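Analysis of the macromolecular model
One letter stands for each residue in the lines below.
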Amino acid sequence: MAEDRMQALAQQLMNTKLDELGALERRVLSHIARDAHISRDLDEEFSEKLTWGQRLADQVALFGGSWTFISLFAVFLIAWAAVNSVLLGEKAAFDPYPYIFLNLMLSMLAAIQAPIIMMSQNRQSQKDRLDARHDYEVNLKAELDIMALHDKLDDMRTRHLTEMVRHQEEQIRLLRQLLESRGADGAPIQA
């Protein structure tokens, strides 16, 4: 029975056969046939599936791309330079100018931070694709529902017009009868 309903909906709303539709369109038609909601919270669904490492990568990317990180890092670099150049002097400095050890540490940080941020961006693009697919489903369902409403309104208007024409024909028939009965004896009609 549900298959017949979906077949009818596919023909009525999409002008095609059910077997010619993709899985996504079938899913939308199924929701329409059951009169069910299709929207859902993808953020919650997506977040539930993340592993500990993925959550950590997202947090690193979030912190690494913030003004807090930039400010703290600037303070750290200034402090490093001040300690090694001014406070400890050239003889006692553990990393004298041109700060080769600092350069090594920054390179290692960049080498670790870049792939972590890329992992987070890849996951974000997966989420964006899911969001786009979900938006398409919701939009398609809304469009098909609107088309169904238009069909219902057109059907109601057609039935209403048909009923009005039928009433008008009945009134014309009654008027003709009145005119014929008046014409027969010539006297005015009294109620």
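This section reports on the structure supplied with the text. (Residues numbered from 1 in each chain as written. Predicted model: local features only at pLDDT ≥ 70, side-chain atom pairs only at ≥ 80, totals over all residues. Heavy atoms only, no water.)

1. Focus on the overall build of the chain
Our working definition: Numbering of helices and strands starts at the N terminus; helices are DSSP runs of H or I of at least 4 residues and strands are runs of E of at least 2. The atom set for the radius of gyration is the C-alpha atoms, and the globule formula is 2.2 Å times the number of residues raised to the power 0.38.
Broken down by element type, the chain carries 7 helices and 0 strands. Taken from N to C terminus, the helices and strands of the chain fall in the order α-α-α-α-α-α-α. Relative to the 2.2 N^0.38 estimate, which gives 16 Å for 191 residues, the radius of gyration of the chain is 38 Å and therefore markedly larger than a compact globule would have. If you line up the chain on its principal axes, its C-alpha atoms span 135 × 40 × 20 Å.

2. Topic: a negative patch on the surface
Applicable threshold: For patch building, the residue pool is restricted to those with more than 30% relative accessible area and no salt bridge; the joining distance is 9 Å between like charges and 5 Å between nonpolar side chains (Val, Leu, Ile, Met, Phe, Trp, Tyr). Under the convention used here, a 1.4 Å probe and the Shrake-Rupley method define accessible areas, while residue burial counts only the protein chains that appear. Between Lys or Arg on one side and Asp or Glu on the other, a salt bridge is scored when a side-chain nitrogen of the former is within 4 Å of a carboxyl oxygen of the latter. For the purpose of charge, His is not counted, nor are the chain termini; Lys and Arg are scored as positive and Asp and Glu as negative. For this purpose, a charge sits on NZ of Lys, CZ of Arg, CG of Asp or CD of Glu.
Judged by side-chain charge, Glu3, Asp4, Asp19 and Glu20 come together as a negatively charged surface patch. Topologically, Glu3 is positioned in helix H1 (residues 2-14).

3. A look at the packing of aromatic side chains
For any pair of aromatic rings, the description consists of the separation of the ring centres together with the inter-plane angle of the planes. We apply this condition: Paired rings are identified among Phe, Tyr and Trp, the last through its six-membered ring, by centres lying within 6.5 Å, and are further divided according to the angle between planes into stacked (under 30 degrees), edge-to-face (over 60) and tilted (the rest). When accessible area is computed with a 1.4 Å probe and restricted to protein chains, residues below 20% of their type maximum are described as buried, those above 50% as exposed, and intermediate ones as partly exposed.
In the structure shown here, the tally under the stated rule is 7 aromatic pairs. When the ring of Phe69 is compared with that of Phe73, the centres are 5.4 Å apart and the planes differ by 20°; the resulting orientation is stacked. Of this pair, Phe69 and Phe73 both sit in helix H5 (residues 67-87), separated by 4 residues, roughly a single helical turn. Overall, the relative accessible area of 18% leaves Phe69 in the buried class. By the ring-pair criterion, three or more aromatic residues cluster together here, those being Phe63, Phe69, Phe73, Phe76, Trp80, Phe94 and Phe101.

4. Quick word on H1
Let me state the cut-off plainly: Expected span, for any helix, means 1.5 Å times one less than how many residues it has. An arc is given here, and it is the one of the directions from the helix axis to the C-beta atoms.
For H1, with 13 residues, the first-to-last C-alpha span of 17 Å sits near the 18 Å given by 1.5 Å per residue. Looking only at H1, the buried set comprises Met6, Leu9, Ala10 and Leu13. Buried residues of H1 fall within an arc of 100° about the axis and therefore sit on the same side. Asn15 sits one or two residues past H1 and shows a positive phi near 50°.

5. Brief notes about H5
Here H5 is 21 residues long and its end C-alpha atoms lie 28 Å apart, about the 30 Å a rise of 1.5 Å per residue gives. Backbone geometry just downstream of H5 places Gly89 in the positive-phi region, at approximately 75°.

6. Points about unusual backbone geometry
A cis amide bond links Tyr97 with the next residue in sequence, Pro98, at an omega value of 20°. Position of Pro98 among the secondary structure elements: in the loop between helix H6 (89-92) and helix H7 (100-185).

7. Notes on the nonpolar core
Side chains of a nonpolar character, in soluble globular proteins, are inclined to be buried together. The line we're drawing: Throughout this description, the term nonpolar core refers to a set of buried Ala, Val, Leu, Ile, Met, Phe, Trp, Tyr and Cys residues connected via side-chain atoms within 4.5 Å. We call two residues contacting when some pair of their heavy atoms lies within 4.5 Å.
Grouped together as the largest cluster of nonpolar side chains are 13 residues, with contacts concentrated most on Leu13, Leu18, Val28, Leu29, Ile32 and Leu144. Mapped by element, the contributors of at least two residues to this core are H1, helix H2 (23-34) and H7. Ranked by residue count, the leading element in this core is H1, at 4 residues. When sequence neighbours within four positions are dropped, the list of residues in contact with Leu13 reads Ile32, Leu144, Met147, Ala148 and Asp151.

8. With respect to the pattern of salt bridges
This structure, assessed with the given rule, holds 12 salt bridges. For Glu45, the salt bridge identified is with Arg40, shortest N-O distance 3.1 Å. Glu45 gets classed as partly exposed once you look at its relative accessible area, which sits at 31%. We classify Arg40 as partly exposed; its relative accessible area is 33%. The residue Lys127 makes a salt bridge to Asp43 at a minimum N-O spacing of 2.4 Å. One end of the pair, Lys127, is in helix H7; the other, Asp43, is in helix H3 (residues 42-48), with 84 residues separating them in the sequence. Its relative accessible area of 15% is what places Lys127 among the buried residues. Given the relative accessible area of 40%, Asp43 is considered partly exposed. Three or more residues are tied together by salt bridges with common partners; here these are Arg27, Arg40, Glu45, Arg133 and Glu137.

These values are about where atoms sit, not about what they do.
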